[in-house]
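# Report on the structure
The primary structure of each chain is shown beneath.
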Amino acid sequence: YTLTFAVRIKYPKLQETTQYIKMEQNYQNSFEDAQKFILLDLENKAKKQIQKYLSVVSKHHELELITSQYQIFRKFLLSYKENDFKQCYELIDKHKKLKLTKTAKLLEQHWAKLISKCEQYAINGDISSIRKNLGVLMLTSSRLDIIDLLIKKAFLQLSSLKDL
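Residues numbered from 1 in each chain as written. Predicted model: local features only at pLDDT ≥ 70, side-chain atom pairs only at ≥ 80, totals over all residues. Heavy atoms only, no water.

## Thoughts on the layout of surface pockets
For clarity, the cut-off: Here a cavity denotes grid points, spaced 1 Å and computed from the protein atoms alone, that fit a 1.4 Å probe unable to get out, and a pocket denotes an open set having protein on both sides within 12 Å along at least 5 of 7 lines; residues with an atom within 4 Å of a point are the lining. Grid points are joined across faces, edges and corners, and a volume is the space filled by probe spheres set on the points. Under the DSSP-based scheme used, a helix requires at least four consecutive residues in state H or I and a strand at least two consecutive residues in state E, with every element numbered from the N terminus. Any residue outside Ala, Val, Leu, Ile, Met, Phe, Trp, Tyr, Cys, Pro, Asp, Glu, Lys and Arg is labelled polar, Gly included; the first ten of those are nonpolar and the last four are charged.
When its volume is computed, the largest pocket comes out at roughly 220 Å³. Considering the residues around the largest pocket, the lining is formed by 13 residues, among which Q28, E62, L100, T101 and K102 are closest to the centre. Secondary-structure elements contributing two or more residues to the lining of the largest pocket are α2 (18-39), α4 (60-67) and α7 (102-123). For the lining of the largest pocket, the element with the highest residue contribution is α2, accounting for 4 residues. Each residue belonging to the lining of the largest pocket can be placed in one class, and the counts come to 2 nonpolar, 6 polar and 5 charged.

## Notes on the side chain of R74
Under the convention used in this document: We call two residues in contact when some of their heavy atoms are within 4.5 Å.
When you line up the elements, R74 lands in helix α5 (residues 70-81). Beyond its immediate chain neighbours, meaning those up to four positions away, R74 contacts I38, L39, L40 and D41.

## Quick notes on the pattern of salt bridges
Pairing of side chains with opposite charge becomes possible as their charged atoms draw close. Let me state the cut-off plainly: Within this document, salt bridges are pairs made up of a side-chain nitrogen of Lys or Arg and a carboxyl oxygen of Asp or Glu, the two lying within 4 Å of each other. Burial status follows relative accessibility: with a 1.4 Å probe on protein chains alone, a residue under 20% of its type maximum counts as buried, one over 50% as exposed, and anything between as partly exposed.
Evaluation of the coordinates by the stated rule reveals 11 salt bridges. Between D41 and R74 there is a salt bridge; the shortest N-O distance is 3.4 Å. Pair noted here: D41 is in the loop between α2 and α3 (43-50) and R74 is in helix α5, with a separation of 33 residues, a long-range link. Of the residues examined, D41 reaches a relative accessible area of 43% and is grouped as partly exposed. With relative accessibility at 18%, the residue R74 sits in the buried group. For D93, the salt bridge is made with R143, and the minimal N-O distance between the two is 2.8 Å. Pair noted here: D93 is in helix α6 (residues 85-94) and R143 is in the loop between α8 (127-134) and α9 (144-162), with a separation of 50 residues, a long-range link.

## Let's talk about unusual backbone geometry
For D41, which is not glycine, the phi torsion reads 60° and is therefore positive. The phi angle at N83 is positive, at roughly 60°, despite the residue not being glycine. On the secondary structure map, N83 appears in the loop between α5 and α6. Here N83 falls in the exposed class, since its relative accessible area comes to 54%.

## Side note on the state of the cysteines
Quick reminder of the rule: Only a pair of cysteine sulfur atoms within 2.5 Å counts as a disulfide in this structure description.
Under the criterion given, the structure shown has 0 disulfides. Residue C88 stays outside any disulfide, its sulfur separated by 18 Å from that of C118, the closest cysteine. C88 sits in the buried class, given a relative accessible area of 0%. You can call C118 buried: its relative accessible area is 0%.

## Here's the deal with α2
Along an α-helix, residues three or four positions apart point the same way, because every turn accommodates 3.6 residues. Test applied: An expected span of 1.5 Å times one less than the residue number is assigned to each helix. Picture the helix axis, draw a direction to every C-beta atom, and the arc is the one those directions span.
If you check α2, its first and last C-alpha atoms are 32 Å apart, about what 22 residues at 1.5 Å a residue would give, namely 32 Å. Three or more residues of α2 are buried, namely Y20, M23, E24, Y27, Q28, S30, F31, A34, Q35 and I38. Take α2 and look down its axis: the buried residues cluster within an arc of 155°, on one side only. Away from the buried face of α2 by more than 90 degrees, exposed residues T18, Q19, K22 and K36 are located. Residues of α2 that are buried in the fold lie against α1 (2-10), α3, α4, α5 and α7. Looking one or two places after α2, you find D41, whose phi comes out positive at around 60°.

## What to know about the nonpolar core
Keep this limit in mind: What is meant by a nonpolar core is a set of buried Ala, Val, Leu, Ile, Met, Phe, Trp, Tyr and Cys residues, joined one to another through side-chain atoms within 4.5 Å.
If you look at the biggest cluster of nonpolar residues, it comprises 39 residues, and the most contacted ones within it are I66, F73, F76, I130 and L134. If near-sequence neighbours (up to four positions away) are discounted, F73 is found in contact with F31, Q35, I38, L65, I66, L98 and T101.

Next up, the structure:
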């Protein structure tokens, strides 16, 4: 695995081969299975699941979530499973390696859509829709600066509308 994943950097066309695609899918499956073991708090099984990929440099940062940041990764996965998205975002912002996961990428896409929608509400001075749209995420401590800007923008817009 180590050699194949390393060679693909030098020869990008290799990534298009059926064999490489299958290897990448096998890695993804192993990583997903390891996450299932983490949710069951079976740390040794999770580590064993990804062991053959530990020497693959391009996978190192993602695998560190299991090998050396197990408790943080477990807390993140549990928060997601329990729909505690506020906690998920706070963990993502505090532990940057979590951003490498598919789950974090999905959460970030969701956040971007929420903020985009809230920006439109702010332009219209609609603070209640911002609150309604963000819900408990308004209290996400690591993202309060963005939320604060939206609220300020909405207030400024409201003030300018009242002056008309």
